[in-house]
Amino acid sequence: WFVTGGGSTSLYKANPSTGAVTTVTSSLGYGADGVAVEPDGSAAYVSCFNSHRVLKVTSGGTVTTLAGSGSAAHTDGTGTGASFYKPFGMLLGGGTLYLNECGSATARAHTTGRIRSIVTATGVTATIATNLNSPDYIAMDNAGNFYTTSWNASCIQKITGATTDYAVIAAI
């Protein structure tokens, strides 16, 4: 298992059988939040909320920027040509990394959140859903529907395919 310290600068590897925790790297920059791991354990991807980047961390601890310029913006592109605005929760499926962007965290601008996709082999980033209400964590079902939790609205949002709208399916 790979975990961050919830906004910390480190990525840890935890062994659930022994309880041992080792530090993979301490050079992520403040705001490391979401983690997704390659099935073979060769790399972990970390969303950095405050630096607006997605990092790739090899099993040996080498850290590189997979995508994100470091500027708070919503720009599709490749590698550092893409920009994120507070990336957070992530999942990995079929060589594509999906992540939520919380967007603006002000009291009056909660629907700037979006889901973005990043092809892990190339770093190509694309927007696949917008106007979400403060999304943080993300999951996907076998039909390709996305589910996000909302830290602001205390609900679960369902996004069906590429869309600019969402449906609240449960209050939490």
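Residues numbered from 1 in each chain as written. Predicted model: local features only at pLDDT ≥ 70, side-chain atom pairs only at ≥ 80, totals over all residues. Heavy atoms only, no water.

Colleague: Explain the overall build of the protein residue by residue, including any values.
Modeller: Along the protein, the regular secondary structure elements total zero helices and 16 strands. Expressed as a percentage of the 172 residues in the protein, the buried residues total 44%. Carbon together with sulfur atoms contributes 53% to the accessible area of the protein, which is approximately 7700 Å² in total. (Helix = DSSP H or I, 4+ residues; strand = E, 2+ residues; numbered from the N terminus. Buried < 20%, exposed > 50% of the residue type's maximum accessible area, 1.4 Å probe, protein only. Areas by Shrake-Rupley, 256 points an atom, 1.4 Å probe, with all protein chains shown as cover.)

Colleague: I'd love a proper account of the sheet that holds strand 14 (residues 146–150), names of residues and values included.
Modeller: The four strands are arranged 13-14-15-16 in an open sheet whose pairing can be described as antiparallel. A single partner strand is all that each edge strand has here, and the edge strands are strand 13 (135–140) and strand 16 (167–171). For this sheet the average axis-to-axis angle between neighbouring strands, irrespective of direction, equals 30°. Looking at chain direction, strand 14 and strand 15 (residues 155–159) are connected through five bridges and run antiparallel. For Ser-150, the partnering residue across the bridge sits in strand 15 and is Cys-155. (Pairing = 2+ DSSP bridges. Axes fitted to C-alpha atoms, helices over the stretch in contact; angles between N-to-C directions.)

Colleague: Explain the side chain of Ser-47 to me, and be specific about the residues and the numbers.
Modeller: Note that Ser-47 resides in strand 5 (residues 43–48). Excluding residues that lie within four positions of it along the chain, Ser-47 makes contacts with Gly-31, Ala-32, Asp-33, Gly-34, Arg-53, Pro-87, Phe-88 and Met-90. (Contact = heavy atoms within 4.5 Å.)

Colleague: Tell me about unusual backbone geometry, residues and numbers included.
Modeller: Positioned with a positive phi, His-52 is a non-glycine residue whose angle comes to about 60°. Mapping His-52 onto the fold places it in the loop between strand 5 and strand 6 (53–58).

Colleague: Lay out the pairing of strand 4 (residues 32–37) in plain terms, naming residues and giving numbers.
Modeller: Examined bridge by bridge, strand 4 and strand 5 share four bridges and lie antiparallel to one another. When the sheet's bridge partners are listed, Val-37 is paired in strand 5 with Ala-44. In textbook terms, the turn of a hairpin is the stretch between consecutive antiparallel strands, and for strand 4 and strand 5 this stretch comprises five residues, one of which, Gly-41, has a positive phi near 75°.

Colleague: Which residues make up the sheet that holds strand 2 (residues 11–14), and what are the values?
Modeller: Across the sheet, three strands lie side by side as 1-2-3; this open sheet has antiparallel pairing. Looking at strand neighbours, the two that pair on one side only are strand 1 (2–4) and strand 3 (21–25), the edges of this open sheet. Here the strands of the sheet are splayed against their neighbours by 35° on average, with no regard to which way each runs.

Colleague: Help me get a handle on the nonpolar core, residues and values and all.
Modeller: Ala-36, Ala-43, Tyr-45, Val-54, Leu-66, Ala-67, Phe-84, Met-90, Leu-97, Leu-99 and Ile-118 form the largest nonpolar core, which has eleven residues in total. For this core, the secondary-structure elements that each account for two or more residues are strand 5, strand 7 (63–67) and strand 10 (96–101). Not counting residues within four places of it along the chain, the set of residues in contact with Leu-97 comprises Ala-36, Tyr-45, Val-54, Leu-66, Met-90, Leu-91, Leu-92, Arg-116, Ser-117, Ile-118 and Thr-120. With ten residues, the next largest nonpolar core counts Phe-2, Val-24, Leu-28 and Ala-44 among its residues. (Core = buried A, V, L, I, M, F, W, Y, C linked by side-chain atoms within 4.5 Å.)

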